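What follows is each chain in one-letter form.
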Amino acid sequence: MTDSDKKHSFREEFEAHLESPIPILSRLRNLIFGKESPDTYTQISFYLGIIIWTIFLVWTILGYVVLTNTDWIEQEKGLDVHSLIEQRGEILGFAGTDFQKNLITFYNIALIAWTGIFIGLVLQWRKKVYFIYFIWAGGSIYLLSMWFLLGISYWYDDTTTFDKIAFFLLIGHSSLYYYFLNKESQGEKTNFFGIEEDFE
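Residues numbered from 1 in each chain as written. Predicted model: local features only at pLDDT ≥ 70, side-chain atom pairs only at ≥ 80, totals over all residues. Heavy atoms only, no water.

Draft legend 1. Region of interest: the pattern of salt bridges. In total, this model carries three salt bridges according to the counting rule given. The residue Glu184 makes a salt bridge to Lys127 at a minimum N-O spacing of 2.9 Å. With Glu184 in helix 9 (residues 161-185) and Lys127 in the loop between helix 6 (98-125) and helix 7 (131-150), the pair connects residues that are 57 residues apart, well separated along the chain. Each of Asp39, Lys127 and Glu184 takes part in one network of salt bridges that share partners. (Salt bridge = Lys/Arg side-chain N within 4 Å of Asp/Glu carboxyl O. Helix = DSSP H or I, 4+ residues; strand = E, 2+ residues; numbered from the N terminus.)

Printed below as a string of structure tokens:
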């Protein structure tokens with residue numbers, strides 16, 4: 001094959017890559033998650049975590065968009081969002097626009113916290129024992145920022161039972177998975193119910 005043929009072949013392959021996003025997405029996926037899939041239990045744990053992560057991330061983004069576009073919503077829908085937020089804030093013990101400001105700050109912090117949790121989930125997929133620190137840190141930042149900025153009453157009254165169960169399920173199950181992964185990394189055989197003794 002001549003140099004001209006090689007250049008022509010390379011150009012065709014490169015143009016084919018540019019025409020389709022699939023090779024780029026495939027490489028990005030391999031870069032983030034690696035080329036090999038982990039065991040079934042790790043995959044189930046990851047998918048459970050990613051479903052909960054997606055739910056919370058979507059709600060956080062939606063809440064942030066609504067709070068930062070209240071004027072537009074009022075113009076388009078005729079809904080006095082400012083008054084509704086202030087009324088809820090007064091019930092929770094806030095004055096004026098403090099509640100809305102704290103909500104926006106909370107959503108900004110929540111986006112950072114859930115980004116950290118996503119990093120933890122990726123590390124969990126790759127079976128890195130230190131994944132749990134990202135999940136614990138992200139979960140703690142999310143919960144503590146809610147309590148300090150919005151109050152315990154907000155967490156108790158304004159978050160649904162589903163949200164509470166889903167959040168603690170993510171933290172609890174990730175901690176359980178960490179226990180098994182830590183044992184495995186120490187050379188002990190594990191199953192879902194505990195340690196298997198190797199009698200061979």
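Anyway, onward from the coordinates.
Draft legend 2. Representation of the environment of Ile61. If you trace the backbone, Ile61 turns up in helix 3 (residues 40-68). A relative accessible area of 39% means that Ile61 is categorised as partly exposed. Note: C-alpha distance between Ile61 and Tyr107 (46 residues apart in sequence) is 7.7 Å. (Buried < 20%, exposed > 50% of the residue type's maximum accessible area, 1.4 Å probe, protein only.)

Draft legend 3. Representation of the packing of aromatic side chains within the structure. Going through the model one piece at a time under the given rule, you end up with 22 aromatic pairs. Geometrically, the ring pair formed by Trp136 and Tyr178 is edge-to-face, given 5.8 Å between the ring centres and 65 degrees between the ring planes. Here the residue Trp136 occupies a position in helix 7, and Tyr178 occupies one in helix 9, the gap between them amounting to 42 residues. Trp136 gets classed as partly exposed once you look at its relative accessible area, which sits at 34%. Cluster of aromatic residues (ring-pair linked, three or more members): Phe56, Phe106, Tyr107, Trp114, Tyr142, Phe167 and Phe168. (Phe/Tyr/Trp six-rings, centres within 6.5 Å; stacked < 30°, edge-to-face > 60°.)

Draft legend 4. Local environment of the nonpolar core. Phe99, Trp114, Leu121, Phe131, Tyr142 and Tyr154 are the most contacted members of the largest nonpolar core, which totals 39 residues. Elements supplying a minimum of two residues to this core: helix 3, helix 5 (81-91), helix 6, helix 7, helix 8 (152-158) and helix 9. Per-element tally for this core: the top contributor is helix 6, with eleven residues. Setting aside residues no more than four positions away along its own chain, Phe131 makes contact with Gly120, Leu123, Gln124, Ser174, Tyr177, Tyr178 and Leu181. (Core = buried A, V, L, I, M, F, W, Y, C linked by side-chain atoms within 4.5 Å. Contact = heavy atoms within 4.5 Å.)

Draft legend 5. Quick look at the layout of surface pockets. The calculated volume of the largest pocket comes to roughly 540 Å³. Lining the largest pocket are 26 residues, and of these Tyr107, Tyr154, Asp158, Thr159 and Asp163 sit closest to its centre. Residue assignment for the lining of the largest pocket shows that the elements contributing at least two residues are helix 3, helix 5, helix 6, helix 7, helix 8 and helix 9. Of all the elements, helix 3 adds the most residues to the lining of the largest pocket, at seven residues. Grouping the constituent residues of the lining of the largest pocket by class yields 18 nonpolar, four polar and four charged. (1 Å grid on protein atoms, 1.4 Å probe; cavity = no way out; pocket = protein on both sides within 12 Å on 5 of 7 lines; lining within 4 Å. Points joined across faces, edges and corners; volume = space filled by probe spheres on them. Nonpolar A, V, L, I, M, F, W, Y, C, P; charged D, E, K, R; others polar.)

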